[in-house]
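# Breakdown of the fold
Residue strings, one per chain:
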There are 2 protein chains.
Amino acid sequence: MARPRTFDEAGALDAAMRVFWANGYEATSTHDLCVATGLGRSSIYNTFQSKHELYRRALAHYIDTMTTRQLTLLDDAERSPLERLRALFADVVQQEVEVRRGGRSLGCLVVNATVEQSGRDPEAAGMLERDLARRLAALRTVLAAGQRSGEVTSQQDPEALARFVTAVIGGIRVSGQGGAEPASLESIAQTALAALVA
Amino acid sequence: MARPRTFDEAGALDAAMRVFWANGYEATSTHDLCVATGLGRSSIYNTFQSKHELYRRALAHYIDTMTTRQLTLLDDAERSPLERLRALFADVVQQEVEVRRGGRSLGCLVVNATVEQSGRDPEAAGMLERDLARRLAALRTVLAAGQRSGEVTSQQDPEALARFVTAVIGGIRVSGQGGAEPASLESIAQTALAALVA
DNA sequence: CACATTATGAACCGTTCGGTTCAATACGAG
DNA sequence: CTCGTATTGAACCGAACGGTTCATAATGTG
């Protein structure tokens, strides 16, 4: 056969994802990607075709990890709908605290990409739209279940409440990037949750 | 004396602000700034020193316009605290609808700068921190007044509620950039407001 | 052990970047 | 009218950009 790779493609993708997450697309140079992944330029271009394609795959990798995790929380049949929502908020806050560097969080790559790229890169915009649709659908389901069981307010329909939850989560992410303390993020989540109870 | 300017510095600054708002800092080239302002390179560098300094001034200009407008709404002695908060949310939603291009909003330059620059540009981070502090202070005041008059829930202290309002506004902005319909943004604001009433 | 095949790093490519220089120009004060 | 000053656009600068080329090195297979 031929000479085998000496690096792990999945590991390189994960490293690239973290660079895009921390710096955004435009501020990340191909040199940055080489340093972060430990690969040479030709290995990167051999494996991922272009910076843009690597970004696409990094974003897909992030979405896959993050949304899978959140949908798992929202589908947890062991908990009541409200408990699942509480778990979702707790997960978001915890994650914001975990990715803190120098007093600020890195936020969420999905939010960062929405802000930086959705108006400029139709391909990224499409990925973000499909991801949002999945998350909204899962939220609508759990919110509707909560309304049926009487735990969740019926003052608005599940679609509106799902949009609200999504917006608050995005707001928590931006607040974390703005330097808000973990306790502040928790209180935001708590206020949002209180708004959802019947 | 000497040869006078043929352009309006304030107008050029406003045009530059819109480019940074739409494209972000990194994706905006000095050529883009020349086209948007109608100035030549030397005029831009004569007047604003550098791309970074022009960004700083553009961000300051945005903050000045936006926060002044919001603080005016929050300080309106003619309205009750809750009505002021309602007016603030309405203003945010209306603005998101107004700056829609190609089905998505441009969001808010303050949010965009927080996401793109706060972890990378300490000067921008400082401006954003000071602006956030001003907005939080105004919100605390009106929320505390609402609690005294019984309009606003006392389940959380004014600081926590102010953080919540700020987060939801940021979330509305990101949702607008993600392509949410105006009606969705309105329902988010409505849900947030409902969470604030006693 | 030799071959076919792939990975790799260094050197290279044209372009664009942010920024500067400079000669030509335009104007108000004297 | 002239002089000094400031503005302007075009030409220019070195550096960094994303991306390619290519000679070299490394390997499983026959």
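Residues numbered from 1 in each chain as written. Chains lettered and ligands numbered in written order. Predicted model: local features only at pLDDT ≥ 70, side-chain atom pairs only at ≥ 80, totals over all residues. Heavy atoms only, no water.

As annotated in an unreviewed UniProt entry, chain A carries the name Transcriptional regulator and is attributed to Streptomyces oceani.

Placing chain B over chain A gives an RMSD of 0.0 Å and needs a rotation angle of 180°, together with 0.0 Å of translation along the axis. As the rotation angle and translation indicate, the two copies are arranged about a two-fold axis. Mapped onto chain A, 100% of the interface residues of chain B are again interface residues, and the two copies thus contact each other with one and the same surface. (Least-squares fit on C-alpha atoms with pLDDT ≥ 70 in both. Contact = heavy atoms within 4.5 Å.)

Near DNA strand D you find 23 residues, and of these Arg41(A), Met1(B), Ala2(B), Arg3(B) and Ser42(B) are the closest. In this structure, Arg5(B) approaches DNA strand D through a side-chain N or O atom, which is 3.4 Å from a phosphate oxygen. Backbone polar atom of Gly40(B) to a phosphate oxygen of DNA strand D: 3.5 Å apart, as the coordinates give it. Put simply, the parts of the chain that give the surface near DNA strand D at least two residues each are helix H3 (41–48) of chain A together with helix H3 (41–48) of chain B. Looking at the surface near DNA strand D, its residues break down into 8 nonpolar, 10 polar and 5 charged. (Near = heavy atom within 4 Å. Polar contact = N/O pair within 3.5 Å; in protein donor to acceptor, adjacent residues only side chain to side chain. Helix = DSSP H or I, 4+ residues; strand = E, 2+ residues; numbered from the N terminus. Nonpolar A, V, L, I, M, F, W, Y, C, P; charged D, E, K, R; others polar.)

Those places that UniProt annotates as "DNA-binding region" (unreviewed entry) correspond, in this numbering, to residues 29–48 of chain A. In the segment residues 29–48 of chain A, helix accounts for 80% and strand for 0%; the C-alpha atoms at its two ends are 15 Å apart. (UniProt positions renumbered as here; feature names shortened; annotations may be inferred.)

Residues and elements named next belong to chain A. For the pair helix H7 (residues 122–149) and helix H8 (residues 158–177), interaxial distance at closest approach is 8 Å and the crossing angle is 120°. Between H7 and H8, the crossing angle belongs to the class labelled oblique. Here the hand of the crossing between H7 and H8 comes out right-handed. Here H7 contributes Leu 132, Arg 135, Leu 136, Leu 139, Arg 140, Leu 143, Ala 144 and Gln 147 to the contact with H8, which in turn contributes Pro 158, Glu 159, Leu 161, Ala 162, Arg 163, Val 165 and Thr 166. Classifying every residue of the contact of H7 with H8 gives 9 nonpolar, 2 polar and 4 charged. (Axes fitted to C-alpha atoms, helices over the stretch in contact; angles between N-to-C directions. Parallel < 35°, antiparallel > 145°, perpendicular 65-115°, else oblique. Left-handed = near helix turned anticlockwise from the far one by under 90°.)

Between its terminal C-alpha atoms helix H9 (residues 182–196) of chain B stretches 22 Å, which fits the 21 Å expected from 15 residues at 1.5 Å a residue. Along H9(B), the residues classified as buried are Ser184(B), Leu185(B), Ser187(B), Ile188(B), Ala189(B), Thr191(B), Ala192(B), Leu193(B), Ala195(B) and Leu196(B). Each element contacted by the buried residues of H9(B) is listed here: H8 and helix H9 (182–196) of chain A together with helix H5 (81–98), helix H7 (122–149) and helix H8 (158–177) of chain B. (Expected span 1.5 Å × (residues − 1). Buried < 20%, exposed > 50% of the residue type's maximum accessible area, 1.4 Å probe, protein only.)

So, about the interface of chain B and chain A. Across the contact, 35 residues belong to chain B and 35 residues belong to chain A. The tally of links from chain B across to chain A stands at 2 salt bridges. Among the secondary structure elements, those contributing two or more residues to the side of chain B that touches chain A are helix H6 (109–117), H7, H8 and H9 of chain B. Looking at the side of chain B that touches chain A residue by residue, the classes come out as 15 nonpolar, 14 polar and 6 charged. (Salt bridge = Lys/Arg side-chain N within 4 Å of Asp/Glu carboxyl O.)

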